[in-house]
Amino acid sequence: GRCIVLRWTLLFLIVALVAAALGFTGIAADAAWIARVLFFVFLVLFLISIGGFLTDLIAEISRGKVPAGLMLQLLALRMPRFLSFVMPLALFIGLMMGIARLYADSEMAVLASIGIGSQQLWKPVLWVAAPIVLVIALSSLWTVPATAKSAKTMVEQANRSVLMSGLEPGRSVG
């Protein structure tokens, strides 16, 4: 459940492949374009966020607050928190780019000419957004606090084991 944006990307990719196989080239092109947009938006936000979290973690390690051996475990435990930041942004940017594409390709004008207004597009947008919002809410309310508690416990145990062995952070032994 953590990478729902990537699941939607795969869903649009499958829609594109099925539509292309059935001869609906216009729908296939649009679905493939949406899949690419969602994937690249998620990827860019993922890389930026991972860089920020890694920088914060290295700063904590350099101050002696976190043992260096726990860096990868703590990064993995902070992943749900990072995803709760990235998924709303990826959803927003992906939907905005998809809707902008409808206007740029004059598809909104075609939809309006057959009696479908922009107000009627809320339902499909909600079908895309609602599962992502639900996953974000569940992650923010349960997963993020649980992983934060696990990370804190892990750091406290590691610091206790270092202090029990007679070593203090920031002091050289020899």
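As shown above, the structure is provided for reference.
Here the structure is a predicted model, which is why all the values come from computation and not from measurement. (Residues numbered from 1 in each chain as written. Predicted model: local features only at pLDDT ≥ 70, side-chain atom pairs only at ≥ 80, totals over all residues. Heavy atoms only, no water.)

A. Region of interest: the overall build of the chain. On a plain count of helices and strands, the chain comes out with six helices and zero strands. Each helix (α) and strand (β) of the chain, taken in turn from the N terminus, gives the series α-α-α-α-α-α. Evaluated residue by residue, the chain yields a buried proportion of 29% over its 174 residues. Relative to all contacts within the chain whose residues are 6 or more apart in sequence, the contacts with residues 24 or more apart total 72%. A total accessible area of about 11100 Å² is found for the chain, and carbon and sulfur atoms account for 72% of it. (Helix = DSSP H or I, 4+ residues; strand = E, 2+ residues; numbered from the N terminus. Buried < 20%, exposed > 50% of the residue type's maximum accessible area, 1.4 Å probe, protein only. Contact = heavy atoms within 4.5 Å. Areas by Shrake-Rupley, 256 points an atom, 1.4 Å probe, with all protein chains shown as cover.)

B. Here's a closer look at helix 4 (residues 79-104). Taking 1.5 Å of rise per residue, 26 residues should cover 38 Å, and helix 4 covers 36 Å from first to last C-alpha, within 8% of that figure. Regarding helix 4, the residues found buried are Met79, Pro80, Phe82, Leu83, Ser84, Val86, Met87, Ala90, Leu91, Gly94 and Gly98. (Expected span 1.5 Å × (residues − 1).)

C. The nonpolar core, seen in detail. Counting residues in each nonpolar core, the largest one holds 21 residues, and the members touching the most others are Leu74 and Phe82. Looking at this core element by element, the count peaks at nine residues for helix 2 (residues 25-62). In contact with leucine 74, other than residues within four places in its own chain, are Leu57, Val66, Ala151, Met154 and Val155. Counting seven residues, the second largest nonpolar core, distinct from the first, contains Met87, Leu91, Val128 and Ile136. (Core = buried A, V, L, I, M, F, W, Y, C linked by side-chain atoms within 4.5 Å.)

D. Here's a closer look at the side chain of arginine 78. Note on placement: arginine 78 falls in the loop between helix 3 (71-77) and helix 4. Classification of arginine 78 by relative accessible area gives buried; the value is 16%. Ignoring anything within four residues of it in the chain, the contact list for arginine 78 reads Phe53, Leu57 and Glu60.

E. A look at the pattern of salt bridges. In total, this model carries two salt bridges according to the counting rule given. Notably, a salt bridge pairs glutamate 60 with arginine 78, separated by 3.1 Å at the nearest N-O pair. Linking glutamate 60 in helix 2 with arginine 78 in the loop between helix 3 and helix 4, this pair joins segments that are 18 residues apart in sequence. A salt bridge links arginine 101 to aspartate 105; the shortest N-O distance between them is 2.6 Å. Looking at arginine 101, the relative accessible area reads 24%, which means it is partly exposed. (Salt bridge = Lys/Arg side-chain N within 4 Å of Asp/Glu carboxyl O.)

F. View of a nonpolar patch on the surface. Together, Leu89, Phe92, Ile93, Met96 and Met97 give the surface a local cluster of nonpolar side chains, amounting to about 450 Å² of exposed area. In this structure, leucine 89 sits in helix 4. Residue classification places leucine 89 among the partly exposed positions, given a relative accessible area of 43%. (Patch = residues over 30% accessible without salt bridge, like charges linked within 9 Å, V, L, I, M, F, W, Y side chains within 5 Å.)

G. Here's a closer look at the environment of lysine 152. Here lysine 152 shows up in helix 6 (residues 122-164). Looking at lysine 152, the relative accessible area reads 54%, which means it is exposed. Note: C-alpha distance between lysine 152 and leucine 77 (75 residues apart in sequence) is 10.0 Å.

H. The arrangement of the side chain of serine 84 in detail. Looking at the element boundaries, serine 84 is found in helix 4. Within the structure, serine 84 has its side chain in polar contact with the backbone oxygen of arginine 81 (distance 2.7 Å). Once you skip the residues sitting within four places of it in the chain, serine 84 turns out to touch Ile136, Ser139, Ser140 and Val144. (Polar contact = N/O pair within 3.5 Å; in protein donor to acceptor, adjacent residues only side chain to side chain.)

I. Highlighting the environment of leucine 77. Mapping leucine 77 onto the fold places it in helix 3. Along the sequence, leucine 77 and alanine 151 sit 74 residues apart, while their C-alpha atoms lie 6.4 Å from each other. The residues touching leucine 77, leaving out its near neighbours within four places in the chain, are Thr147, Ser150, Ala151 and Met154.

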